[in-house]
Amino acid sequence: MASARRQNGQAGSAIIFVLWMSVLLAIILAGVMAMTQTELRLAAGRRTLLADREAMLSALDLVAFDTALVGRSYVASLPRDVEVDGVVVRVGLAPAQTMLDINMANDEAWIALFIALGEPEFAARRLADQILDWRDNDDTRREQGAERADYPAGSLKAPGNRPFISVAELMQVRDMTPQRLACAAPFLTVFGGTPAGEADTVALDLAATMDGVRVAYQARLRRSDGAVTDLTALALFGADRHRPFNWVAFPVEEFAGGCDPADSAGGQA
């Protein structure tokens, strides 16, 4: 009898162990399935984002090629809807098209901007020269500019002697302050297009060509669920018939900050 009771007890323990293992395995399996479903949803989301980006890039290419073929009148006709693999992408001019491009602006444009923002003329001229000295590829100091030797010892600021990558990089200019940049940033870009007036000053026989013209485009894709995705790109047009344009810039993180005009004009003298 005792032997039978021991066997029954062992059998019962075995059954309980099996039941607990079954429950544990079921919990593990449910967790694995949930993780798999989450990963599948994430993968599907990534595929959607990649597909959206490819569709917008293709639409930008098509519009840029049409611009090269038709000329400047095509730019004036934007925005246009472009269908790519059943997805409609609207391509128009980016807001940056009419902003001041920090890699293209000359001293007159910089001085005018800073004076309009409340800087005294002498400070505006100094800032303009310092920005151009930072941007050019030589070590020759402009009248009121600053080259490497003019920056304080130990300063994290120094001339780049290259184009700016972003508006935020203007903080590397010697006398630029966060307040000044916060006030100027809404008017600045690294995606600036050729101003319309400048583009129209060429001879009449070349008025339709795009050679040397920069255009900032914005592609916008709106999906059925209402989600909107934008992509901005800057095209530089040339005379090569096989590749009449090159994409020379895509978005990077820009400067973000609040502006207090009084603080801006009251910055470093």
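Refer to the preceding data block for the structure.
Residues numbered from 1 in each chain as written. Predicted model: local features only at pLDDT ≥ 70, side-chain atom pairs only at ≥ 80, totals over all residues. Heavy atoms only, no water.

Peer 1: Any details on the side chain of Lys157? Residues and values, ideally.
Peer 2: Looking at the secondary structure, you find Lys157 in the loop between α4 (121-135) and α5 (178-184). Buried charged residue Lys157 carries no salt bridge. Nearest counter-charge: Asp175, at 6.7 Å. A distance of 3.2 Å separates a polar atom in the side chain of Lys157 from the backbone oxygen of Arg174. With residues up to four places along the chain from it excluded, the contact list for Lys157 reads Tyr151, Met171, Gln172, Val173, Arg174 and Met176. (Helix = DSSP H or I, 4+ residues; strand = E, 2+ residues; numbered from the N terminus. Buried < 20%, exposed > 50% of the residue type's maximum accessible area, 1.4 Å probe, protein only. Lys, Arg positive; Asp, Glu negative; His and termini not counted. Salt bridge = Lys/Arg side-chain N within 4 Å of Asp/Glu carboxyl O. Polar contact = N/O pair within 3.5 Å; in protein donor to acceptor, adjacent residues only side chain to side chain. Contact = heavy atoms within 4.5 Å.)

Peer 1: For the packing of aromatic side chains, give the residues involved together with the corresponding values.
Peer 2: Enumeration according to the criterion identifies 6 aromatic pairs in this entry. An angle of 20 degrees between the planes, with centres 5.9 Å apart, marks the rings of Trp110 and Phe114 as stacked. Pair noted here: Trp110 and Phe114 are both in helix α3 (residues 107-116), with a separation of 4 residues, about one helical turn. An identical accessibility class is assigned to Trp110 and Phe114; each is buried. Through a chain of ring-to-ring contacts, the aromatic side chains of Phe65, Tyr217, Phe237, Phe245 and Trp247 assemble into a single cluster. (Phe/Tyr/Trp six-rings, centres within 6.5 Å; stacked < 30°, edge-to-face > 60°.)

Peer 1: Which residues make up the pattern of salt bridges, and what values go with them?
Peer 2: Scanning the model with the defined rule gives 12 salt bridges in all. Residue Glu121 is joined to Arg125 by a salt bridge in which the shortest nitrogen-to-oxygen separation is 3.0 Å. Of the two residues, Glu121 and Arg125 both sit in helix α4, 4 residues apart, roughly one turn of that helix. Taking the relative accessible area as the measure of exposure, Glu121 reaches 44% and is therefore partly exposed. Here Arg162 and Glu169 are joined by a salt bridge, their closest N and O atoms 2.4 Å apart. Accessibility expressed as a relative area gives 31% for Arg162, which makes it partly exposed. Several salt bridges share partner residues, and in doing so they unite Arg126, Arg174 and Asp175 into one network.

Peer 1: Lay out α4 in plain terms, naming residues and giving numbers.
Peer 2: Under the 1.5 Å per step criterion, the end-to-end length of α4 is 21 Å for 15 residues, consistent within 8% with the ideal 21 Å. Among the 15 residues of α4, 12 are classified as buried, and the element is accordingly described as predominantly covered. The set of residues buried in α4 consists of Ala123, Ala124, Arg126, Leu127, Ala128, Asp129, Gln130, Ile131, Leu132, Asp133, Trp134 and Arg135. Residues of α4 that are buried sit in contact with α3 and α5. (Expected span 1.5 Å × (residues − 1).)

Peer 1: So what's going on with the sheet that holds strand β1 (residues 80-84)? Which residues, and what values?
Peer 2: With antiparallel pairing, 5 strands are arranged side by side in an open sheet as β1-β2-β5-β6-β7. Looking at strand neighbours, the two that pair on one side only are β1 and β7 (245-249), the edges of this open sheet. Sheet twist, expressed as the average angle between the axes of neighbouring strands with direction ignored, equals 35 degrees. Summarising the sheet, β1 and strand β2 (residues 87-93) pair through 5 bridges and their orientation is antiparallel. Among the inter-strand pairings, Val84 is bridged to a residue of β2, identified as Val87. (Pairing = 2+ DSSP bridges. Axes fitted to C-alpha atoms, helices over the stretch in contact; angles between N-to-C directions.)

Peer 1: Now, about the pairing of β2: what can you tell me, with residues and values included?
Peer 2: Where β1 hands over to β2, the hairpin turn is made up of 2 residues, of which Asp85 adopts a positive phi near 50 degrees. Where β2 lies against strand β5 (residues 214-222), 5 bridges are found, and the strand directions are antiparallel. Directly across from Val89, in β5, lies its bridge partner Leu221.

Peer 1: Before we move on, can you summarise the packing of α3 against α4 with the specific residues and values?
Peer 2: The geometry of α3 relative to α4 is characterised by a closest axis approach of 8 Å and an angle of 135 degrees between their N-to-C directions. Considered as vectors, α3 and α4 are oriented oblique to each other. Here α3 runs over α4; the crossing is right-handed. Facing α3, whose interface residues are Asp107, Trp110, Ile111, Phe114 and Ile115, α4 presents Glu121, Ala124, Arg125, Leu127, Ala128, Ile131, Leu132 and Arg135. (Parallel < 35°, antiparallel > 145°, perpendicular 65-115°, else oblique. Left-handed = near helix turned anticlockwise from the far one by under 90°.)

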